[in-house]
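Analysis of the macromolecular model
The chain contents come next:
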Amino acid sequence: MLQYILKRILEMIPILFIVSILIFFFTHLIPGDPARLVAGKDATLEEVNIIRAELGLDKPIWDQYITYMSNLFQGDLGTSLKTGLPVSEMFADRFMPSIYLTFMSMGWALVLGLLIGTLSAVFKNKWPDYFGMVTAVSGISMPGFWLGLILIQIFSVQLGWFPTGGAESWKSYILPSLTLGAGIMSMLARFTRSSLLETLRADFIRTGRAKGLKESIVIPKHALRNSLIPVVTIAGLQFGFLLGGSVVVETVFSFPGMGRLLIDSIAFRDYPVIQAELLLFSIEFILVNLIVDIMYSMLNPKIRYVS
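We now turn to the structure provided with this report. Values in this document were obtained by computation on a predicted structure and should not be read as measured data. All residue numbers refer to positions counted from 1 along the written sequence of the respective chain. Residue-level local features of this predicted model are given only where pLDDT is at least 70; pairs of side-chain atoms are given and counted only at 80 or more, and the full residue set underlies all totals for whole chains, interfaces and linings. Note: side-chain values were computed over all heavy atoms of the structure, leaving out hydrogens and water.

Examining the pattern of salt bridges
- We define a salt bridge as a contact between a side-chain nitrogen of Lys or Arg and a carboxyl oxygen of Asp or Glu at a distance within 4 Å. For the coordinates displayed, the defined rule picks out 1 salt bridge.
- For arginine 193, the salt bridge is made with aspartate 129, and the minimal N-O distance between the two is 2.8 Å. In this pair, arginine 193 is assigned in helix H8 (residues 171–200) and aspartate 129 in helix H6 (residues 127–141), connecting sequence segments 64 residues apart. Accessibility assignment for this pair places arginine 193 and aspartate 129 in one class, buried. The secondary structure listing takes helices from DSSP runs of H or I that are at least 4 residues long and strands from runs of E that are at least 2 residues long, numbered from the N terminus. The classification of residues rests on relative accessible area computed with a 1.4 Å probe and restricted to protein chains. Under 20% of the type maximum is buried, over 50% is exposed, and intermediate values are partly exposed.

Shown next as structure tokens:
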């Protein structure tokens, strides 16, 4: 297993190199001139050209990429064109709120998704099944921005239970996490139900029941555990998307996280911030996939990885 993990980590290097090239060049394809935005709308062409030279944007694109990678290997993520602050300092203020929001959203979505999916499978074609699937379909169908606005209107404006935005206290995370996790909870519930129903029809489940095992042992210990591999796959993918996909929710709730920072940076053509964020999201996504692969062998001992 250790050799497999080391091999996967080494395989990340060429992948990240290719990703860095794609991110760098696609970022520079964003319409607009950051030098013009830095100089201001009243600046002359000569002033814009001076700023472009100061920013290094007058150099050929490959020279800019080499400079970017050279700085990156030294731990320098660059300097924001908009604020003039190091990108690492900007990330320090935004990264942890996004991580807390992601884990909170994934935590409750995973617990409720597994619970609803399990109850729906065990009580197939009965009221818990109907209730669970209606809840799942509703969660998938509702757009995130719409659900967020509804929650703000009810729980912030009318009831006054939670703040409408920011990240000052734990209450600020409740509504954004509910909005962000609703779709994932619904998807996990549907996948859990489908996978568990298939497992419950397996021969080893019938054998266990024939030997007199109680349902309280058959369902969680045998059926559910063998049903979790496809669920873990979906959960891992969704967790990876959550790390970089909270842009809409953070915008709706004025949440000071990485997603909102990305939107603001794109609007200003802040190349260093955009590139650093997208590269960070790529690394997180690859690491999540590695963790999912490792969890496979924990759930099913028959799965073994060889180097």
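Moving on, there is more to tell.
A short note on the side chain of threonine 199
- Tracing the backbone shows threonine 199 in helix H8.
- Classification of threonine 199 by relative accessible area gives buried; the value is 10%.
- Working rule for contacts: check all heavy atoms of both residues, and any pair within 4.5 Å makes them a contact. Excluding its chain neighbours within four sequence positions, the residues that come into contact with threonine 199 are Phe204, Ile205, Ala223, Asn226 and Ser227.

Some words on the nonpolar core
- Take the buried residues of types Ala, Val, Leu, Ile, Met, Phe, Trp, Tyr and Cys, join any two whose side-chain atoms come within 4.5 Å, and each joined set is a nonpolar core. Counting residues in hydrophobic clusters, the biggest one holds 32 residues, and the most contacted among them are Met106, Ile184 and Leu188.
- Only helix H5 (87–122), H6, helix H7 (144–158), H8, helix H10 (215–244) and helix H13 (271–299) provide two or more residues apiece to this core.
- In contact with leucine 188, not counting residues within four places along its chain, are Met106, Ala109, Leu110, Gly113, Val231, Ile234 and Ala235.
- Counting residues in hydrophobic clusters, the runner-up holds 12 residues, among them Phe91, Val247, Leu261 and Ala276.

Observations regarding unusual backbone geometry
- Even without being a glycine, asparagine 125 presents a positive backbone phi close to 60 degrees.
- Among the secondary structure elements, asparagine 125 is positioned in the loop between H5 and H6.
- You can call asparagine 125 partly exposed: its relative accessible area is 49%.
- Even without glycine at this site, serine 254 takes up a positive phi of about 50 degrees.

Some words on the packing of aromatic side chains
- Classification of ring pairs uses Phe, Tyr and Trp, with its six-membered ring standing for Trp, and accepts pairs whose centres are within 6.5 Å; under 30 degrees between planes counts as stacked, over 60 as edge-to-face, and the remaining range as tilted. Within the structure shown, the criterion is met by 10 aromatic pairs.
- With 5.4 Å between their ring centres and 35 degrees between their planes, phenylalanine 24 and tyrosine 68 make a pair best called tilted. Residue phenylalanine 24 is found in helix H1 (residues 2–27), and its partner tyrosine 68 is found in helix H4 (residues 61–73); the two are separated by 44 residues along the sequence.
- Classification of phenylalanine 24 as buried rests on a relative accessible area of 3%.
- Aromatic side chains phenylalanine 155 and tryptophan 161 sit 5.8 Å apart centroid to centroid with 40 degrees between the ring planes, which places their arrangement in the tilted category.
- A network of ring pairs unites the aromatic residues Phe24, Phe25, Trp62, Tyr65 and Tyr68 as a single cluster.

A short note on the layout of surface pockets
- Residues are said to line a cavity or pocket when one of their atoms sits within 4 Å of a point; the points come from a 1 Å grid over protein atoms alone, cavities being sets where a 1.4 Å probe fits but cannot get out and pockets being open sets with protein on both sides within 12 Å along at least five of seven lines. Grid points are joined across faces, edges and corners, and a volume is the space filled by probe spheres set on the points. There is about 440 Å³ of room inside the largest pocket.
- Forming the walls of the largest pocket are 18 residues, and the residues nearest its centre are Leu55, Thr67, Tyr68, Asn71 and Pro272.
- In terms of residues, the lining of the largest pocket owes the most to one element, H4, which gives 4 residues.
- Ten residue types, Ala, Val, Leu, Ile, Met, Phe, Trp, Tyr, Cys and Pro, are classed as nonpolar, four, Asp, Glu, Lys and Arg, as charged, and the remainder, Gly among them, as polar. Among the residues making up the lining of the largest pocket, the classes are represented as 8 nonpolar, 8 polar and 2 charged.

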